[in-house]
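Take a look at the letters that make up each chain.
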Amino acid sequence: MSSATIAGCGALVLWAFLALLARMAGGLPPLQLTAMAFAAGGLIALAVVAARGQLALLRQGPLAWAHGVGGLFGYHALYFAALALAPAVEANLLNYLWPLLIVLLSAPILGLPLGGRRIAGVALGFAGCALLVGAGASFPPGAAPGFAAAVGCAVVWSVYSVTSKRMAAVPTEALAGFCLGTALLSGVAHLVFEATVTPDARQWLAVLLMGAGPLGAAFFLWDAGMKRGDPRLLGTLAYAVPVASTLLLVAAGEGVLTWRAAVAAVLVAGGGLLAATARG
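Criteria and cut-off values
Residues numbered from 1 in each chain as written. Predicted model: local features only at pLDDT ≥ 70, side-chain atom pairs only at ≥ 80, totals over all residues. Heavy atoms only, no water. 1 Å grid on protein atoms, 1.4 Å probe; cavity = no way out; pocket = protein on both sides within 12 Å on 5 of 7 lines; lining within 4 Å. Points joined across faces, edges and corners; volume = space filled by probe spheres on them. Helix = DSSP H or I, 4+ residues; strand = E, 2+ residues; numbered from the N terminus. Nonpolar A, V, L, I, M, F, W, Y, C, P; charged D, E, K, R; others polar. Axes fitted to C-alpha atoms, helices over the stretch in contact; angles between N-to-C directions. Parallel < 35°, antiparallel > 145°, perpendicular 65-115°, else oblique. Left-handed = near helix turned anticlockwise from the far one by under 90°. Contact = heavy atoms within 4.5 Å. Buried < 20%, exposed > 50% of the residue type's maximum accessible area, 1.4 Å probe, protein only. pLDDT = per-residue confidence, 0-100. Expected span 1.5 Å × (residues − 1). Patch = residues over 30% accessible without salt bridge, like charges linked within 9 Å, V, L, I, M, F, W, Y side chains within 5 Å. Areas by Shrake-Rupley, 256 points an atom, 1.4 Å probe, with all protein chains shown as cover. Salt bridge = Lys/Arg side-chain N within 4 Å of Asp/Glu carboxyl O.

Asker: Just to check I follow, could you spell out the layout of surface pockets for this structure?
Answerer: It is the rolling of a water-molecule-sized probe over the atoms that shows where space remains empty. The calculated volume of the largest pocket comes to roughly 1,200 Å³. Leu 18, Ala 19, Tyr 79, Asn 92 and Ser 245 are the residues nearest the centre of the largest pocket, which is lined by 41 residues in total. Where the lining of the largest pocket is concerned, the elements lending two or more residues are helix 2 (18–24), helix 3 (30–51), helix 4 (62–85), helix 5 (88–95), helix 7 (115–133), helix 10 (201–228) and helix 12 (240–251). The greatest single-element share of the lining of the largest pocket, amounting to 6 residues, is contributed by helix 12. In terms of residue class, the lining of the largest pocket is made up of 29 nonpolar, 10 polar and 2 charged.

Below, the structure written as structure tokens:
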């Protein structure tokens with residue numbers, strides 16, 4: 001794997017901690033939490049960019065801002081809408097179509113070959129995710145708007161990720177501005193739809209850790225991986241996120257290791273191995 005693809009894997013590692021940190025922040029409204037975490041991540045990134053004397057890199061055209069803020073805010077807004085309008089298990093399963101879509105869209109958008117190994121790898125990954133995340137799933141017709149939002153967020157994130165390679169001229173440092181823009185939009189949505197909750201010390205710590213990791217540095221690593229790495233391999237390996245997330249919750253005493261998690265881990269690992277050994 002190239003160094004850029006390894007950087008993208010770093011984002012997947014950080015995203016695995018998101019569920020655990022969300023448990024720590026329990027009690028905060030979702031949009032408020034998103035606004036606070038993105039603000040923390042954006043401010044940390046802004047400080048780093050400023051220290052390097054690279055603030056001028058935040059001056060990007062409307063297309064770059066639409067792509068960056070649209071991807072970050074659009075995904076999270078649709079995801080929270082899906083959780084509000086549909087059962088969480090089913091919404092989360094449909095959300096995890098995004099790794100599959102990243103692999104499949106790499107061919108028509110980027111002209112990258114897929115091949116049997118990659119298709120088999122991503123199929124195994126999705127099977128593992130469906131076994132773990134979709135256990136006991138059902139799809140009542142009244143939840144159709146929520147299911148549509150869940151599919152929408154998968155489409156938004158996959159298109160954002162794959163088209164990042166087309167936006168290679170936009171420096172990764174510009175994400176500091178995109179994160180702050182996302183925080184602003186999330187904050188406005190929070191004020192419209194939610195009641196504000198004053199965080200306690202534990203929740204503040206969770207917010208800062210989210211901003212530094214899953215909702216901060218992870219986006220910079222993902223941007224590097226998508227622009228200069230192999231999106232097909234990263235899309236397949238992304239199915240390790242729900243498995244790793246579950247194992248971290250178990251290790252933290254927030255859950256119990258089940259046979260589903262063990263089998264899912266084997267399927268995801270096998271899929272990742274197939275994709276990693278594909279040529280071309």
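Asker: Please clarify how the packing of helix 7 against helix 12 should be interpreted in this entry.
Answerer: The axes of two packed helices give the description: the angle between them and the distance between them. Put simply, helix 7 and helix 12 touch, their axes get as near as 9 Å, and they point 40 degrees apart. When the axes of helix 7 and helix 12 are compared, the pair comes out oblique. Viewed along their axes, helix 7 and helix 12 form a crossing whose handedness is left-handed. On the side of helix 7, the interface is formed by Cys 129, Leu 132 and Val 133, while helix 12 contributes Pro 242, Val 243 and Thr 246. Considered class by class, the residues forming the contact of helix 7 with helix 12 number 5 nonpolar, 1 polar and no charged.

Asker: Can you help me understand empty space enclosed by the protein in this one?
Answerer: Here the structure, examined in full by the defined rule, presents 1 cavity of 30 Å³ or more. In terms of lining, the largest cavity is formed by His 67, Gly 68, Tyr 160, Ser 164, Met 167, Val 170, Pro 171, Thr 172, Leu 175, Phe 178, Asp 223 and Lys 227. Those elements that place two or more of their residues in the lining of the largest cavity are helix 4, helix 9 (175–193) and helix 10.

Asker: Before we go on, may I ask you to explain the environment of Met 167 in this structure?
Answerer: With respect to the secondary-structure elements, Met 167 resides in the loop between helix 8 (144–163) and helix 9. Residue classification places Met 167 among the buried residues on the basis of a relative accessible area of 15%. Sequence separation between Met 167 and Leu 63 is 104 residues, and the spatial gap between their C-alpha atoms is 9.4 Å. If near-sequence neighbours (up to four positions away) are discounted, Met 167 is found in contact with Leu 63, Ala 64, His 67 and Lys 227.

Asker: Would you explain the confidence of the model for the chain in this entry?
Answerer: Interpreting fine coordinate detail is not advised for predicted regions of low pLDDT. Averaged over all residues, the pLDDT of the chain is 90; the fraction at 70 or higher stands at 100%. At the low end of the mean pLDDT range in the chain sits helix 5, at 82; at the high end sits helix 9, at 96.

Asker: Any chance you could explain helix 3 here in plain terms?
Answerer: Because an α-helix completes one turn every 3.6 residues, residues spaced three or four positions apart along the sequence face the same direction. Between its first and last C-alpha atoms helix 3 spans 31 Å; for 22 residues at 1.5 Å apiece the expected length is 32 Å, and the two agree. In the segment just after helix 3, Gly 53 is the residue with positive phi, at about 70 degrees.

Asker: Would you mind showing me how to read a nonpolar patch on the surface here?
Answerer: A contiguous nonpolar surface patch, about 450 Å² in accessible area, is contributed by Leu 184, Val 188, Val 192 and Phe 193. Relative to the assigned elements, Phe 193 resides in helix 9.

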